[in-house]
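# Examining the three-dimensional arrangement
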Amino acid sequence: MESAIQQSCMESIERPDRLFCDLPTETLKAFDALKSTTECQRGTVLFREGSHCKGVLLLCEGRARLSVCSETSSRLTLRIAGPGEILGLSACLAGSAHEMTAELLDSTRVALVRRKDLMEFLHDHREACMKVVSLLSQDLHRAYDRVRSVGMGRGRRSRSTRVH
Amino acid sequence: MLSPYGLDIIESCLTCKSRTERLFCDLPGPALQAFEGIKYATAYPKGAVLFVEGQAPRGIFVLCKGRVKLSICATDGKTLIVKIAEPGEVLGLSASVSGKPYELTAETIDPCQVNFVKRDDFLRFLKEQPDACFKVAEQLSEKYNTACHEVRSLGLSHSAGEKLAKLLLEWSSKNGEAAKQEPRLKLALTHEEIAQMIGTSRETVTRLFADLKKRQIVQAKGSTLIIRNKAALKLIASNN
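Below or above, wherever it landed, is the structure these notes cover. In this text, all values refer to a predicted model and were calculated from it rather than measured experimentally. (Residues numbered from 1 in each chain as written. Chains lettered and ligands numbered in written order. Predicted model: local features only at pLDDT ≥ 70, side-chain atom pairs only at ≥ 80, totals over all residues. Heavy atoms only, no water.)

### Section: the packing of aromatic side chains
Residues and elements named next belong to chain B. Our working definition: When two rings of Phe, Tyr or Trp (its six-membered ring) have centres within 6.5 Å they constitute a pair, described as stacked for plane angles under 30 degrees, edge-to-face for angles over 60, and tilted for the intermediate range. Secondary structure is summarised from DSSP: a helix means a run of H or I of at least four residues, a strand means a run of E of at least two, and numbering begins at the N terminus for each. Only protein chains enter the calculation, and the probe is 1.4 Å; a residue is then buried if its accessible area is under 20% of its type maximum, exposed if over 50%, and partly exposed in between.
For the structure on display, the rule yields seven aromatic pairs over all chains. A centroid spacing of 5.6 Å and a plane angle of 75° characterise the contact between Phe24 and Phe35, whose relative ring orientation is edge-to-face. Here Phe35 lies in helix H1 (residues 29–38) and Phe24 lies in the segment before H1, a separation of 11 residues in the sequence. When its relative accessible area of 3% is taken as the criterion, Phe35 is described as buried.

Okay, structure coming up:
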């Protein structure tokens, strides 16, 4: 990651279109105070599968590839995350290691919120907590879709097209 | 209270002894009291379907006793078991929150006690009870991690043998037998159901078990499976 810059969520024009970002003003101000924004280059690995979760990363722009790895290092893309998504949320809430690797596909701005700060913020702001529940539900639906497509593939050949 | 299915029904969450050990149920007093007012305690026999994949969400099901099979189905009728839910789990959670259809089918594999909460009541409860909202976020996180684990296992394992070995090692670790030289596990599922868990056929699972027994890696004693050679099973699981 490169030089840290501060940018306010209040200035974002895309905010109303993004599930988590569209928070009430006071809640957003509180979130703004917690986050630190960083410019990252394409190819930056935001976190690795199995690594300790330090916090969540909010993808302000650009895309990130979320993938899982086998013991033999073959990689399977779970999905491509887009602008406005929070990465590392489930590991952060469960207090577990990251269950996937996130790698940037574009050079972009990423906002980092430390785990401890996020937990306190969610306890104090019920609207944000409800948004997080909605986001996790959405993530879970996508994950089950992936289970369906991988598990119900007709054979190894159909599945292998998605293995990178 | 004894139900027709031989279950000792816990009428009130306030007096439930297992509450403190369960992620969602261990709510603070006011939230628990509010939950008590919106839940319906119900009992189901083995083989009952709680909800079906594609059905509009009616509400959530808190599993109090028994186990529930969660599966997804392909258009050709092929079934894949995603998970066996244990007591304390909340089923139908993401669909009830998002309003999207249930993404899985839930079928009891034991007589079960389930606390049902209607969707509107549940969403109101979450808005009014921040502690409960937080617990739900934690449950969803766990479910998400499990789903990712399932994708990894299905998509990156090279053979049915590898998947079966991983499943047996996972089950033995859940039973607290992992540290033992020869872990034992109760096989509560049929070969057909195990096949649906690892995305293969019943015939393949039967053949794989026969092979593991022949090589003295596992031994069956009734419904108990003893892992005789853990190192060999680990080797199969790591695709070597």
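Okay, back to it.
### Concerning the layout of surface pockets
Residue and element names in this part refer to chain B. The condition is simple: Two kinds of site are reported from a 1 Å grid over the protein atoms alone, namely cavities, where a 1.4 Å probe fits but cannot get out, and pockets, open sets with protein on both sides within 12 Å along at least five of seven lines, and residues are called lining when an atom falls within 4 Å of a point. Grid points are joined across faces, edges and corners, and a volume is the space filled by probe spheres set on the points. When residues are grouped by polarity, Ala, Val, Leu, Ile, Met, Phe, Trp, Tyr, Cys and Pro land in nonpolar, Asp, Glu, Lys and Arg in charged, and all others, Gly among them, in polar.
Roughly 1,000 Å³ of volume is contained in the largest pocket. Around the largest pocket sit 36 residues that line it, and Lys83, Ile84, Glu170, Trp171 and Lys174 are the ones nearest its centre. Of all the elements in the fold, those that place two or more residues in the lining of the largest pocket are strand E5 (79–85), helix H4 (130–156), helix H5 (160–174), strand E9 (184–186) and helix H6 (191–198). Ranked by the residues each element gives to the lining of the largest pocket, the list is headed by H4, at nine residues. Residue classes in the lining of the largest pocket are distributed as 13 nonpolar, seven polar and 16 charged.

### Section: the sheet that holds strand E8 (residues 112–118) of chain B
Residues and elements named next belong to chain B. Basically, it comes down to this: Paired strands, as defined in this entry, are two strands with at least two bridges between them according to DSSP. Contact between two residues is taken to exist if any of their heavy atoms lie within 4.5 Å; hydrogens are not considered. Every axis in this analysis is a line fitted to C-alpha atoms, fitted for helices over the stretch in contact. Angles between the N-to-C directions lie between 0 and 180 degrees.
Strand order in this open sheet of four strands is E1-E8-E3-E6, and the pairing throughout is antiparallel. Looking at the sheet topology across the chains shown, the edges are occupied by strand E1 (39–44) and strand E6 (90–91). Pairing between strand E3 (residues 59–65) and E8: six bridges, direction antiparallel. The partner of Lys65 across the bridge, within E8, is Gln113. With respect to the sheet, H1 is in contact with E1, E3 and E8, its orientation differing from that of E1 by roughly 60°.

### A few points about empty space enclosed by the protein
Residues and elements named next belong to chain B. The full count for this structure, using the stated rule, is six cavities of 30 Å³ or more. Of the voids in this model, the largest cavity is the one considered here, and its volume is about 160 Å³. As for the largest cavity, its lining consists of 18 residues, and the residues nearest its centre are Cys13, Cys16, Cys25, Cys64 and Asn115. Secondary structure elements with two or more residues in the lining of the largest cavity: H1, E3 and E8.

### Notes on the pairing of strand E8 (residues 101–104) of chain A
Residues and elements named next belong to chain A. Of the two faces of E8, both are covered, the one formed by Thr101 and Glu103 as well as the one formed by Ala102 and Leu104. Looking at chain direction, strand E3 (residues 45–47) and E8 are connected through two bridges and run antiparallel. By the bridge assignment for E8, Phe47 is matched with Ala102. One ladder, built from four bridges, connects strand E5 (residues 64–69) with E8; its direction is antiparallel. Paired with Arg65 across the two strands is Glu103, which belongs to E8.

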